[in-house]
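Each chain is listed here by its residues.
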Amino acid sequence: MPVITSIADLKRIYHRRVPKMFYDYAESGSWTEQTFRENTSDFSEIYLRQRVAVDMDGRSTASQMIGQDVAMPVGLAPVGLTGMQHADGEIKAARAAGKFGVPYTLSTMSICSIEDVAENTDAPFWMQVYTLKDDDFMQRLFDRAKAANCSAAMITVDLQVLGQRHKDLKNGLSAPPKLTPASVANMMTKVHWGLGMLGTKRRFFGNIVGHAKGVTDPSSLSTWTSEAFDPSLNWDRIRQFRKMWDGPLIIKGIMDARDAREALNVGADAIIVSNHGGRQLDGALSAIRALPAILDAVGDKIEVHIDSGIRTGQDVLKALAMGAKGTYIGRAYVYGLGAMGEAGVTRALEVIHKELDVSMALCGRRDVRTLDRDILMIPEGFEGRWQA
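Procedures and definitions
- Residues numbered from 1 in each chain as written.
- Predicted model: local features only at pLDDT ≥ 70, side-chain atom pairs only at ≥ 80, totals over all residues.
- Heavy atoms only, no water.
- Helix = DSSP H or I, 4+ residues; strand = E, 2+ residues; numbered from the N terminus.
- Rg over C-alpha atoms; globule rule 2.2 N^0.38 Å.
- Buried < 20%, exposed > 50% of the residue type's maximum accessible area, 1.4 Å probe, protein only.
- Areas by Shrake-Rupley, 256 points an atom, 1.4 Å probe, with all protein chains shown as cover.
- Lys, Arg positive; Asp, Glu negative; His and termini not counted.
- Charge placed at Lys NZ, Arg CZ, Asp CG, Glu CD.
- Salt bridge = Lys/Arg side-chain N within 4 Å of Asp/Glu carboxyl O.
- Pairing = 2+ DSSP bridges.
- Contact = heavy atoms within 4.5 Å.
- Axes fitted to C-alpha atoms, helices over the stretch in contact; angles between N-to-C directions.
- Phe/Tyr/Trp six-rings, centres within 6.5 Å; stacked < 30°, edge-to-face > 60°.
- Lys NZ or Arg CZ within 6 Å of the ring centre and 35° of its normal.
- Parallel < 35°, antiparallel > 145°, perpendicular 65-115°, else oblique.
- Left-handed = near helix turned anticlockwise from the far one by under 90°.
- Disulfide = S-S within 2.5 Å.
- Polar contact = N/O pair within 3.5 Å; in protein donor to acceptor, adjacent residues only side chain to side chain.
- Patch = residues over 30% accessible without salt bridge, like charges linked within 9 Å, V, L, I, M, F, W, Y side chains within 5 Å.

Enquirer: For this particular structure, what's the right way to read the overall build of the chain?
Expert: Within the chain, the regular secondary structure consists of 16 helices and twelve strands. Taken over C-alpha atoms, the radius of gyration comes to 20 Å for the chain, in line with the 21 Å a tight globule of 388 residues would show. For the chain, the spread of C-alpha atoms along the three principal axes comes to 60 × 50 × 45 Å. Every one of the 388 residues in the chain was classed for burial, and the buried ones make up 57%. Summing over all exposed atoms, the chain offers an accessible surface of approximately 16500 Å²; the carbon and sulfur share of this is 52%. Charged side chains of the chain number 46 positive and 46 negative; the gap between the two group centres comes to 4 Å.

Enquirer: Looking at this structure, I do not really get unusual backbone geometry. What am I missing?
Expert: Glycine aside, residues mostly have negative phi angles, and peptide bonds mostly take the trans form. A positive phi angle is found at Ile 66, which is not glycine, with a value near 45°. Backbone geometry places Asp 88, a non-glycine residue, at a positive phi of 55°. Mapped onto the elements of the fold, Asp 88 is located in the loop between helix 4 (82-85) and helix 5 (89-100).

Enquirer: Help me understand the pattern of salt bridges, please; the structure alone is not making it clear to me.
Expert: Pairs may arise between side chains of opposite charge once their charged atoms sit close together. Scanning the entire structure with this criterion turns up 23 salt bridges. Asp 269 serves as the salt-bridge partner of Arg 242, at 3.5 Å between the closest nitrogen and oxygen. Note that Arg 242 is positioned in helix 12 (residues 235-244) and Asp 269 in the loop between helix 13 (257-265) and strand 9 (270-273), a separation of 27 residues in sequence. Looking at Arg 242, the relative accessible area reads 18%, which means it is buried. The shortest N-O distance in the salt bridge between Asp 372 and Arg 365 comes to 2.9 Å. The exposure class of Asp 372 is partly exposed, given its relative accessible area of 32%. Among the residues examined, Arg 365 registers a relative accessible area of 15% and is labelled buried. One connected set of salt bridges, linked through shared partners, spans Asp 88, Asp 116 and Arg 202.

Enquirer: What is the right way to read the sheet that holds strand 5 (residues 105-106) from this model?
Expert: Sheet strands associate in pairs through backbone hydrogen bonding, adopting either a parallel or an antiparallel arrangement. Across the sheet, eight strands lie side by side as 4-11-10-9-8-7-6-5; this open sheet has parallel pairing. Two strands close off the open sheet at either side, each with one partner strand: strand 4 (74-76) and strand 5. As defined by bridge partners, strand 6 (residues 126-130) adjoins strand 7 (residues 152-156) across five bridges and the pair is classed as parallel. Within the sheet, the bridge partner assigned to Trp 126 lies in strand 7 and is Ala 152. In the packing of helix 14 (residues 287-298) onto the sheet, the strands contacted are strand 8 (249-254), strand 9 and strand 10 (303-306), and the crossing angle to strand 10 comes to about 175°.

Enquirer: Would you explain the packing of aromatic side chains in this entry?
Expert: Two measures describe an aromatic ring pair: the distance that separates the ring centres and the angle between the ring planes. On inspection of all chains with the given rule, the structure shows six aromatic pairs. Summarising the aromatic geometry, the rings of Tyr 14 and Tyr 335 are spaced 5.5 Å apart at their centres and angled 40° between planes, so their arrangement reads as tilted. Residue Tyr 14 is located in helix 1 (residues 7-17), and its partner Tyr 335 is located in helix 16 (residues 331-362); the two are separated by 321 residues in the primary sequence. The class of Tyr 14 is buried, set by a relative accessible area of 0%. On the basis of relative accessibility, which here comes to 2%, the residue Tyr 335 falls in the buried class. Lying across the ring of Tyr 25, Arg 279 places its NZ or CZ 4.6 Å from the centre. A cation over a ring is seen here: Arg 289 above Phe 382, with NZ or CZ 4.5 Å from the ring centre.

Enquirer: What should I look at first to understand the packing of helix 7 (residues 135-147) against helix 12 in this one?
Expert: One way to put it is that helix 7 packs onto helix 12 with a least axis distance of 9 Å and a crossing angle of 40°. It follows that helix 7 is oblique to helix 12 by the angle criterion. Note on packing geometry: the crossing formed by helix 7 with helix 12 is right-handed. Within the contact between the two elements, helix 7 uses Asp 135, Met 138, Gln 139 and Phe 142 and helix 12 uses Arg 237, Phe 241 and Met 244.

Enquirer: Hey, could you run me through the state of the cysteines in this one?
Expert: What is meant by a disulfide is a covalent connection between two cysteines, made through their sulfur atoms. Applying the stated criterion across every chain, the model contains zero disulfides. Left unpaired, Cys 112 is separated from the closest cysteine sulfur, that of Cys 150, by 14 Å.

Enquirer: Please clarify how the side chain of Ser 110 should be interpreted in this entry.
Expert: Tracing the backbone shows Ser 110 in the loop between strand 5 and helix 6 (114-119). According to the relative accessible area criterion, Ser 110 is buried, its value standing at 0%. A polar contact is formed between the side chain of Ser 110 and the backbone oxygen of Ser 107, at a distance of 3.0 Å. In this structure the side chain of Ser 110 is engaged in a polar contact, spanning 2.6 Å, whose partner is the backbone oxygen of Cys 112.

Enquirer: Can you walk me through a nonpolar patch on the surface in this structure?
Expert: Side chains of Leu 179, Val 184 and Met 188 sit close together on the surface and give an oily, nonpolar patch of about 310 Å² of accessible area. With respect to the helices, strands and loops of the structure, Leu 179 is situated in the loop between helix 8 (166-171) and helix 9 (181-188). By relative accessible area, Leu 179 is classed as exposed at 54%.

Take a look at the structure:
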């Protein structure tokens, strides 16, 4: 195994090994990609306060997310098409997360099905769902998650309409992907990836094909995906979904304090401050800039988590110190998965954990649960000063 010291090392290997179509799918945002870039770069605007001559022995990154013990407050975010980044990718990522002691969230638009992941892993995982029109499909999806012993459900609320991602359109990335001569030629150069895909039976959307009405094979999937998402979604509809699932519920995609209060009112156990990794509304604030106002709005009434832009353990540290109770990585673990399969996801978690642990120590703290803004230097006006 090559010497991996950072997530950037995994990204370089990932770039070499995975077809361009799927690399671009992960490494892109909508429209001009302003929000996609600033999700990451805005973390660098926050500085850490170094402390010395403080007892740093006996450190702990252990915590809880929605009442579940975690080795560190970092979950694996739901990422669609993970099984095209590496053969059986969802299973491999879930295994790595379970062994490490952090939550794994399976996307509805995964290649491996809920049942595939449950049959091939030991630790309970979380299930992400979209706000779709079909009540029968939604109820059965929740029921399947319950039968698979999923310990929480996560509803993504920021995908009523799809933000345009130029790279995906140019590459023919859709559900299912539209292969072009260029994309096929590129795939043929990715030998390790290709051998893995030839060796698995899981190449299509396992939660959809054979489960959604009228979707019996990949060829019928395109029509379903174009009609399934509900542009009329409102909070009453989300209340209906809440009734379909009686377990812990997380609502993902909150970027405004008013929406945070609405999520609290529908009975969610946690919210995720997220702009979908910069893949939906381009020109929106980065998640880390949006976090403080949302924390001020809901206080301790609901757990506030964050994703979008986290690439290092220091990013995790900054988000936790600002007040988030949990964080998520998406691209960071996908780089590891595409680079080296399950071992790569484990290495990504190890890198994040070490950066979090060492940086926390150098800030003079021994327990991740005691982090607060005292370790941060946040620039004046970081949240923005906007005209009324």
